[in-house]
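# Structural features, examined
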Amino acid sequence: MKLLTWRNAMRAVIWGGGAAVVLAFVGVIAAAVYVVRVTEDLPEYQQLAEYSPPIMSRVHAGDGRLIAEYAREHRVFVPIENIPPSVIEAFLSAEDKNFYEHGGVDYIGMIRGGIRSILTRLRNPGAPLQSGSTITQQVAKNFLFTSDQRIERKVREIVIARRMERAFTKDQILELYLNEIYLGNRSYGIAAAALNYFDKSLDELELHEVAYLAALPKGPNNYHPTRRTEAAIGRRNYVLSRMVANGYITQAQAEQAMALPLETVDRLEGEQYLAAEYFVEQVRREVFDLYGEEELYENGLSIRTTLDTSMQLAARAALRSGLEDYDRRHGYRGPLTTLEGFEDWPVQLAEVETPPDLDEGWRAAVVLEVTDSEASIGFEDRSRGVIPFYALTWAREPGRDEDGFPTLGPRIERASDVLELGDVVLVEPLAAADAPDETVEDDHYGLRQVPEVNGGIIAIDPFTGRILSMVGGYSFAQSQFNRAVQARRQPGSSFKPFVYAAALDNGYTPVSIILDAPFVASGDADMRFYRPQNYSEVFYGPSTLRRGLELSRNVMTVRLAQEMGMGPISAYGERFGIYDNLEPTLAMSLGAGETTLMDLVGGYAALVNGGRLIEPSIVDRVQGRSGETIYRHDQRECTGCDVEEWTPGLAEPDLPELGEDVISPVTAYQVVHMLEGAVERGTGTALRALGRPLGGKTGTTNDFRDAWFVGFSPDLIVGVYVGFDTPFPLGSGEAGGRVAAPIAAGFLGPVLESYPVAPFRVPDGVAFAPVDRETGEPSVIGRPGTILEAFQPGTQPQRGATAMEEALSFGSGALGGGQSTSGAQDEDDEDEDDELGGLY
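Residues numbered from 1 in each chain as written. Predicted model: local features only at pLDDT ≥ 70, side-chain atom pairs only at ≥ 80, totals over all residues. Heavy atoms only, no water.

## Looking at the overall build of the protein
Secondary structure summary: the protein contains 23 helices and 27 strands in total. Across the 840 residues in the protein, those meeting the buried criterion constitute 51%. Within the protein, counting contacts between residues at least 6 apart in sequence, those at least 24 apart form 70% of the total. Total accessible area computed for the protein in this model is approximately 38100 Å², and 50% of it derives from carbon and sulfur atoms. (Helix = DSSP H or I, 4+ residues; strand = E, 2+ residues; numbered from the N terminus. Buried < 20%, exposed > 50% of the residue type's maximum accessible area, 1.4 Å probe, protein only. Contact = heavy atoms within 4.5 Å. Areas by Shrake-Rupley, 256 points an atom, 1.4 Å probe, with all protein chains shown as cover.)

## Quick look at unusual backbone geometry
For Asn 185, which is not glycine, the phi dihedral falls at a positive 55°. Structurally, Asn 185 can be placed in the loop between α6 (170-180) and α7 (190-198). Its identity is not glycine, yet Asp 703 carries a phi of approximately 65°, on the positive side. For Asp 703, the position within the fold is in the loop between β22 (695-700) and β23 (706-713). By relative accessible area, which is 27% here, Asp 703 ends up partly exposed.

## Regarding the sheet that holds β22
As summarised here, the arrangement of the five strands in space is β13-β12-β24-β23-β22, forming an open sheet in which the pairing is antiparallel. This sheet does not close on itself; its edge strands, each paired only once, are β13 (467-471) and β22. For this sheet, the mean inter-axis angle between neighbouring strands, taken without regard to orientation, is 5°. Across eight bridges, β23 lies against strand β24 (residues 716-723) in antiparallel orientation. Bridge pairing in β24 places Gly 711 opposite Val 718. (Pairing = 2+ DSSP bridges. Axes fitted to C-alpha atoms, helices over the stretch in contact; angles between N-to-C directions.)

## Side note on the pattern of salt bridges
According to the stated counting rule, one finds 36 salt bridges in the structure shown. Measuring nitrogen to oxygen at the nearest pair gives 2.7 Å for the salt bridge that ties Arg 320 to Asp 359. Taken together, the positions of Arg 320 in helix α13 (residues 309-328) and Asp 359 in the loop between α14 (345-350) and β5 (363-370) put the pair 39 residues apart, joining distant regions of the chain. Here Arg 320 and Asp 359 have matching classes, each one buried. (Salt bridge = Lys/Arg side-chain N within 4 Å of Asp/Glu carboxyl O.)

## Considering the packing of helix α19 (residues 597-608) against helix α20 (residues 665-681)
Between α19 and α20, the least distance of the axes is 7 Å, while the angle of their chain directions is 105°. Between α19 and α20, the angle is such that the two are roughly perpendicular. Of the residues in α20, those touching α19 at Tyr 604, Ala 606, Leu 607 and Val 608 are Ala 668, Val 671, Val 672 and Leu 675. Taken together, the residues of the contact of α19 with α20 break down into eight nonpolar, no polar and no charged. (Parallel < 35°, antiparallel > 145°, perpendicular 65-115°, else oblique. Nonpolar A, V, L, I, M, F, W, Y, C, P; charged D, E, K, R; others polar.)

## Quick look at the pairing of strand β6 (residues 374-378)
Across the five residues of β6, four count as buried, placing the element largely inside the fold. Across four bridges, the pairing between β5 and β6 is antiparallel. Looking at the pairing, Val 367 lines up with Ile 377 of β6. Adjacent in sequence and paired antiparallel, β5 and β6 are bridged by three residues. As defined by bridge partners, β6 adjoins strand β7 (residues 384-388) across five bridges and the pair is classed as antiparallel. Residue pairing across strands places Ser 376 opposite Val 386, the latter belonging to β7.

## Topic: the confidence of the model for the protein
Of all residues in the protein, 83% attain a pLDDT of 70 or more, and the chain-wide mean is 85. Considering only residues more than four positions removed or in separate chains, one finds that residues 30-39, a stretch of pLDDT under 50, has 10 contacts. Counted against residues more than four places away or in other chains, residues 806-840, with its pLDDT under 50, gives 157 contacts. (pLDDT = per-residue confidence, 0-100.)

## A closer look at the environment of Gly 731
The residue Gly 731 is located in the loop between β24 and α21 (736-739) in this model. Overall, Gly 731 belongs to the buried group, its relative accessible area being 2%. For the pair formed by Gly 731 and Asp 703, sequence separation is 28 residues and the distance between their alpha carbons is 7.9 Å. Apart from the residues lying within four places of it in its own chain, the contact partners of Gly 731 are His 330, Phe 405, Pro 406 and Phe 704.

## Overview of α7
Most of α7 is tucked away: nine of the nine residues are buried. When α7 is considered as a whole, its buried residues turn out to be Ile 190, Ala 191, Ala 192, Ala 193, Ala 194, Leu 195, Asn 196, Tyr 197 and Phe 198. In this structure, the buried residues of α7 make contact with β1 (57-60), α2 (85-95), α6 and α8 (207-215). Among the residues trailing α7, Asp 199 stands out with phi positive, at a value near 55°.

## With respect to the sheet that holds strand β19 (residues 619-623)
Judged by pairing direction, the sheet is mixed, and its five strands sit side by side in the order β2-β1-β3-β19-β20 without closing on themselves. Each of the sheet's edge strands pairs with one partner strand only, and the pair in question is β2 (66-70) and β20 (629-632). Neighbour to neighbour, the strand axes of the sheet diverge by 15° on average, direction disregarded. Both β1 and β2 contribute to a ladder of four bridges, which runs antiparallel. By the bridge assignment for β2, His 60 is matched with Leu 66. Across the sheet, helix α12 (residues 277-298) touches β1, β2, β3 (302-305), β19 and β20, and the angle it forms with β2 is around 35°.

## Focus on the nonpolar core
Residues Phe 279, Val 283, Ile 303, Phe 576, Tyr 604 and Ile 717 are the most contacted members of the largest nonpolar core, which totals 84 residues. For Ile 303, the residues in contact, after removing those within four places along its chain, are Arg 58, Val 59, His 60, Val 283, Val 287, Leu 296, Val 619, Arg 621 and Val 622. Ranked by size, the runner-up nonpolar core spans 47 residues in total, among them Phe 99, Ala 215, Ala 254 and Ala 257. (Core = buried A, V, L, I, M, F, W, Y, C linked by side-chain atoms within 4.5 Å.)

## Notes on the packing of aromatic side chains
Across all of its chains, the model carries 19 aromatic pairs by this definition. Centre to centre, the rings of Tyr 182 and Tyr 188 are 4.8 Å apart; their planes meet at 45°, and the pair counts as tilted. For Tyr 182, a relative accessible area of 39% translates into the label partly exposed. By relative accessible area, Tyr 188 is classed as partly exposed at 21%. For the pair Tyr 326 and Phe 724, a centre-to-centre distance of 6.3 Å together with 70° between the ring planes defines the contact as edge-to-face. One end of the pair, Tyr 326, is in helix α13; the other, Phe 724, is in the loop between β24 and α21, and 398 residues separate them in sequence. When its relative accessible area of 3% is taken as the criterion, Tyr 326 is described as buried. Among the aromatic side chains, those forming a connected cluster through ring pairs are Phe 495, Phe 498, Tyr 572, Phe 576, Tyr 579, Tyr 604, Phe 712 and Phe 760. Above the ring of Phe 99, the side-chain terminus of Lys 170 is found at 4.4 Å from the ring centroid. (Phe/Tyr/Trp six-rings, centres within 6.5 Å; stacked < 30°, edge-to-face > 60°. Lys NZ or Arg CZ within 6 Å of the ring centre and 35° of its normal.)

## Some words on empty space enclosed by the protein
Counted under the stated rule, the structure contains two cavities of 30 Å³ or more. For the largest cavity, the calculated volume is near 40 Å³. Around the largest cavity sit Arg 692, Ser 713, Pro 714, Asp 715, Leu 752, Tyr 755, Pro 756 and Ala 758, which together line it. When grouped by side-chain class, the residues that make up the lining of the largest cavity number five nonpolar, one polar and two charged. Reported here for the second largest cavity is a volume of approximately 30 Å³. (1 Å grid on protein atoms, 1.4 Å probe; cavity = no way out; pocket = protein on both sides within 12 Å on 5 of 7 lines; lining within 4 Å. Points joined across faces, edges and corners; volume = space filled by probe spheres on them.)

Quick look at the structure:
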């Protein structure tokens, strides 16, 4: 019986063992079939050999400062040989210490990860699996697969990792990993992470910073430096301890690094980057048009621009200050909101949404008490302040009359005329200059508001066309519309210099006499008569061309255009790049055609540089991802510029001039010389206080809808435009000389400190002669009212002949008259001594 039982047991063992072998064999076959099935369509890992990761394009100012980055994935590719050893050691310690030893898969690590996953899932069924992936597996997953946690994907990952290890070196795989991995904060790869977290290159990182970056692959959101600081420091310190265990650093080095706080920075933020926002957006548009979306956002272009960052700061400050000054002249539009109740006003105040991109020092405050002489205010941090009555007198109620012109309500008699309890307002600390007695308390604030009016400012080098600064509005955060390059408006009298340039090239001189007297021309189907006026509504009789331009006389200009004919004026408007097609009607001589601020300033550059039209440029050079130059704005070949050093007797390099000739250097200088007079004695006197040779011209369109000013030194031009985006009158008297010219002066004041004080360059061929600045009569140096006038050779007045006789020598039309011209919609301008045309 026992023998039978033993035999049955043996038989069962044999059958069981056989069945187990068969099942194991079937299992192996099934597993092999499964592996074959799930891996039959594996991606071609060989593509990684030619992999070029998307990297960000970077924009630099002319002085080398980084001002913008464009990317879908912020990445800076760094070859493995340029990655510091400490960075490699930190990531190996954190992610795969046996990387250089295994064949792509760490089976012990996978088993360990599987056990941890089981234990974790028992405690938390929704927890993610821990797979124990090697760096090679992570490269396979990041490049070739999705991140879903399925067995099928894991099998495919293992197979492809093994194949990769046979096809690539360990360093090649590690290079791919360190440049591809996402580390949070818009950072793909370690170089981008070093920049975005610490604003450092890899070789500038300290040990504790390297360890923090190595802590991030496990989950950047789990170790956020500010939201989860404690967890971030804990994970960083864990990486440091693993580096000690692996022999990369000493315990003392680790303890020193662990004691340091985790401090990150915000890149591409601050005043200089805010100031450049309109500029860099224009750069983005132009490079996008040149190379397309993929090249710009993925192929790592290096874009060197023309921007001068210090000049850009000055431009933004001047424009914002000028717009705020204008806005305060036209009243206060009310609080941001009014709080209901004061149970917890600091909390309520913190919840109020304030306008973006406020001036430095501007804060939101709530009015807590109002008396006749002041208003008490509170801030979010519970501190207090006072708005004195004198800082509220500007805040009259604004309105508009039936013609759309701004109006103001009654004068402010007490603080309660402006503010009420609970009003949430913007305030700024007062300066001594704001106070009547120039003394101000530390807790005194002025009432402020964001302007409704807007504008643009642009500055260029007249000899190269390089745009040195560009601001397209009060705030890019509030409006991305670039008024320096996109807004097409009528320039008004700022176009007159080109009318007078055409006259100088058609037989006139600066002392030619034009009659300033009532003028009527026949109109067209929309108007019966065209009848321009001077701003002062006064006529001054016979006047020289110089006086007409200095004082921006409208009637003189239209009369000049009629007797000369609009053909030359239209041709000059187009030749100087201001207009594409200027209709030859009289109103166009007063700037009735629409143009942009950039095109107008480009036209002025041709006057200042001696008659050459140069296309304004914003990009100097673009390099591809490998450093090769793929675009250069200045295409001139400079023979001899590449010599290592200059020695006596060596010929200077021959560098051709930029641009094309559009006017003779003598004529260009004559116009510049007359525009110097506009600054000294005419409509551009806002620049006179700067105390150096400057020229300029104002512009104001009909009904004061737009204000312009273009000012220049021998080496710099600045143009300013101010107006409402939806055209409304700026207000009676708000002409270019009052609105735009002070902005130009506010810009040129600090900027010109870095330029030498020098006269305008006088070209060969200019003949100077002393004349009376009022009458144009020949005079002698030293006599009061005498200036040295610039003439074409042989056209200077002769002693003994009057200016009237000289004028008559140019033809019967010099005093006015001539053919009748059909009109167009009248526009015009101007400030101190001149203004609008009218239709009657």
